[in-house]
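Below, each chain spelled out in residue letters.
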Amino acid sequence: MNAVFVAEMTGNESPMENMTLYMAPLKGFTDYLFRNTFADYFGGFDLAVAPFISTRTDSKIKRKYVKDVWPERNTRLPVIPQILSKSARDFTVLANYLFELGYETVNWNLGCPYPMVANKKRGSGMLPHTDRIHHFLDHVIPRINGSLSIKIRLGWETADDSFRLVPILNQYPLTELIIHPRTGLQRYDGETDLDAFAQCLALSTHPVVYNGDIRTAEIFNQLSLRFQDVSRWMIGRWCLADPFLPHNIKTGKDDIRDKIERMKRFHAALHEQYCTVLDGPGHVLNKMKGLWKFFSLPFSDCNKALKKIKKATRPDQYLHLVNRFFDTQAKLR
Ligand SMILES: Cc1cc2nc3c(=O)[nH]c(=O)nc-3n(C[C@H](O)[C@H](O)[C@H](O)COP(=O)(O)O)c2cc1C
């Protein structure tokens, strides 16, 4: 816990008082330990959508299956659990289990682009099948004991999917629609299509959350100028690359001193927690090394240090190398 950091950072009057900033779900990255530690050290987010939980076909949900969203593990940042499924029946079982835990809203993932998921008409692979989504919601909505939000992309291959889908979604009582303006085929690369996002926004009667490539406060400012009706914004990869970004956007100020020191302490706190919960040093190293895919992005000339870090074979050696990097080599671009 590092409430001091956050108290210092949230003391300012926010020029963006009416906006809500969401941490995006990143499977493998933004688990409960990451979400809590991020909230303690950097702040800025109002809530998080948790990485997806796949449904089970046997109708038996064990508590362990949803451990990332146990309420007692999510005390630092409000969370919306997310479900990945193409089966309305299985979805209903899992959603109702999550509502019993105390959640008011669950999110349905219609955005995942990975072939293993999409080829089975799940995630963004379901987007061309408007009729299936229609039937799914007809089954689910009357049977769930809480509310639903949906996260979509523009479509699988083209934005026509969402232009067809959004008017259908208007018929259902959703809390919000999160839109990542890429197609499934694009995965996470290539341009976002802001014109298509504008069309979806105009079509939707639900509150819309914008998500995609908010890399800097300047980019956020441009987007918020263009989409003045949007007050909900979601940031994924770029809060790992620049953890000060949410605070910066919220307050309109890039005023944090000792950025590198704070990143170092955040990293050490995360490392310590993974050491206590993960099963063995190999898992800790894999988890921590994986984070550097995004953690390394704000630093110039860090390839050599990163290579050494990736070669570490023990968590204590790894932590030593990372701390040395932060103390003596790290230079923000
Ligand atoms: C490694 C990784 C894992 C992701 N996992 C999920 C997920 O579990 N659920 C989801 O809806 N989106 C997931 N996404 C998509 C992100 O939530 C977000 O929509 C996407 O990264 C675009 O936003 P960004 O440009 O701010 O990162 C994932 C993306 C990445 C790169």
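Residues numbered from 1 in each chain as written. Predicted model: local features only at pLDDT ≥ 70, side-chain atom pairs only at ≥ 80, totals over all residues. Heavy atoms only, no water.

Engineer: Even after reading the chapter, I still don't get the overall build of the chain, so can you show me in this structure?
Structural biologist: The helix and strand inventory of the chain stands at 14 helices and 8 strands. A compact globule built from 333 residues would reach a C-alpha radius of gyration of about 20 Å, and the chain, at 20 Å, matches this within 12%. Judged by the C-alpha coordinates and their principal axes, the chain covers about 55 × 45 × 35 Å. Counting over 333 residues, the chain shows a buried share of 56%. (Helix = DSSP H or I, 4+ residues; strand = E, 2+ residues; numbered from the N terminus. Rg over C-alpha atoms; globule rule 2.2 N^0.38 Å. Buried < 20%, exposed > 50% of the residue type's maximum accessible area, 1.4 Å probe, protein only.)

Engineer: In this structure, what is going on with the sheet that holds strand 4 (residues 105–110)? I would like to understand it.
Structural biologist: In spatial order, the strands read 1-2-3-4-5-6-7-8; together these 8 strands close into a barrel with parallel pairing. When strand polarity is set aside, the average angle formed by the axes of neighbouring strands in this sheet is 30°. In this sheet, strand 8 (residues 232–235) lies alongside strand 1 (residues 20–23) in parallel orientation, the contact comprising 4 bridges. Considered in strand 8, the bridge of Thr-20 is made with Arg-232. Those strands touched by helix 3 (residues 88–100) are strand 2 (47–54), strand 3 (79–84), strand 4 and strand 5 (147–155), and its axis lies near 145° from that of strand 4. The strands that helix 5 (residues 130–140) touches are strand 4 and strand 5; relative to strand 4, the one it contacts most, it runs at about 160°. (Pairing = 2+ DSSP bridges. Axes fitted to C-alpha atoms, helices over the stretch in contact; angles between N-to-C directions. Contact = heavy atoms within 4.5 Å.)

Engineer: I would appreciate a short explanation of the nonpolar core in the present structure.
Structural biologist: Nonpolar side chains tend toward joint burial in soluble globular proteins. If you look at the biggest cluster of nonpolar residues, it comprises 101 residues, and the most contacted ones within it are Phe-34, Trp-108, Leu-137, Leu-148, Ile-150 and Trp-233. Not counting residues up to four positions away in its chain, the partners in contact with Leu-137 are Trp-108, Pro-142, Leu-148, Ile-150, Leu-169 and Tyr-172. Tyr-22, Leu-47, Ile-80 and Ile-178 belong to the second-largest nonpolar core, a separate cluster that totals 8 residues. (Core = buried A, V, L, I, M, F, W, Y, C linked by side-chain atoms within 4.5 Å.)

Engineer: Got a minute to help me understand the side chain of His-271 in this structure?
Structural biologist: Of note, His-271 is situated in helix 11 (residues 259–277). Of the polar contacts made by the side chain of His-271, one reaches the backbone oxygen of Pro-315; its length is 3.4 Å. Discounting residues that sit within four places of it in the chain, His-271 has contacts with Val-284, Met-288, Pro-315, Tyr-318 and Leu-319. (Polar contact = N/O pair within 3.5 Å; in protein donor to acceptor, adjacent residues only side chain to side chain.)

Engineer: Can you walk me through the site of the ligand in this structure?
Structural biologist: Around the ligand sit 19 residues, and of these Pro-25, Gln-82, Asn-211, Asp-213 and Gly-236 come closest. Here an oxygen atom of the ligand and a backbone polar atom of Pro-25 are 2.7 Å apart. Asn-109 has a polar side-chain atom sitting 3.3 Å from a nitrogen atom of the ligand. Summarising the interface, the protein chains cover 94% of the accessible area of the ligand, which totals 610 Å² for the free molecule. Breaking the shell around the ligand down by element, the ones donating at least two residues are strand 2 and helix 9 (237–241). Among the residues forming the shell around the ligand, the class breakdown is 9 nonpolar, 6 polar and 4 charged. (Near = heavy atom within 4 Å. Areas by Shrake-Rupley, 256 points an atom, 1.4 Å probe, with all protein chains shown as cover. Nonpolar A, V, L, I, M, F, W, Y, C, P; charged D, E, K, R; others polar.)

Engineer: Would you mind going over the packing of aromatic side chains with me for this structure?
Structural biologist: Pairs of aromatic rings are described using the distance from one ring centre to the other and the angle between the two planes. Under the defined criterion, the tally for this structure stands at 25 aromatic pairs. Seen in terms of ring centroids, Tyr-114 and Tyr-188 are 6.2 Å apart; in terms of plane orientation they differ by 55°. Their pairing is tilted. Taken together, the residues Tyr-114 in the loop between strand 4 and helix 4 (115–118) and Tyr-188 in the loop between strand 6 (174–183) and helix 7 (194–203) connect sequence positions 74 residues apart. In this structure Tyr-114 comes out as partly exposed when scored by relative accessible area, which is 41%. Geometrically, the ring pair formed by Phe-325 and Phe-326 is tilted, given 5.7 Å between the ring centres and 50° between the ring planes. With respect to class, Phe-325 is no different from Phe-326; both count as buried. Connected via pairs of aromatic rings, a cluster forms that spans Phe-34, Phe-38, Tyr-41, Phe-42, Phe-45, Phe-244, Phe-266, Trp-292, Phe-295, Phe-299, Phe-325 and Phe-326. (Phe/Tyr/Trp six-rings, centres within 6.5 Å; stacked < 30°, edge-to-face > 60°.)

Engineer: Any chance you could explain the environment of Val-49 here in plain terms?
Structural biologist: On the secondary structure map, Val-49 appears in strand 2. Classification of Val-49 as buried rests on a relative accessible area of 1%. Between the alpha carbons of Val-49 and Ile-80 there is a distance of 4.7 Å; along the sequence they are 31 residues apart. Discounting residues that sit within four places of it in the chain, Val-49 has contacts with Tyr-22, Met-23, Ala-24, Pro-25, Ile-80, Gln-82, Asn-107, Ile-178 and Met-234.

Engineer: Explain helix 2 (residues 32–41) to me, please; I cannot follow it from the model alone.
Structural biologist: The periodicity of an α-helix, 3.6 residues per turn, causes residues three or four positions apart to be oriented the same way. With 10 of its 10 residues buried, helix 2 lies for the most part within the structure. Along helix 2, the positions that sit buried rather than exposed are Tyr-32, Leu-33, Phe-34, Arg-35, Asn-36, Thr-37, Phe-38, Ala-39, Asp-40 and Tyr-41. Positive backbone phi, approximately 60°, marks Gly-43, located one or two places after helix 2.

Engineer: Even after reading the chapter, I still don't get the confidence of the model for the chain, so can you show me in this structure?
Structural biologist: Regions with low pLDDT carry predicted coordinates that are not meant to be interpreted in detail. When pLDDT is averaged along the chain, the result is 95, and 95% of the positions lie at 70 or above. Throughout residues 1–5 the model reports pLDDT below 50, and contacts reaching past four residues in sequence, or to other chains, amount to 8 contacts. Every residue in residues 7–14 is under pLDDT 50, and counting partners more than four places away or in other chains gives 16 contacts. (pLDDT = per-residue confidence, 0-100.)

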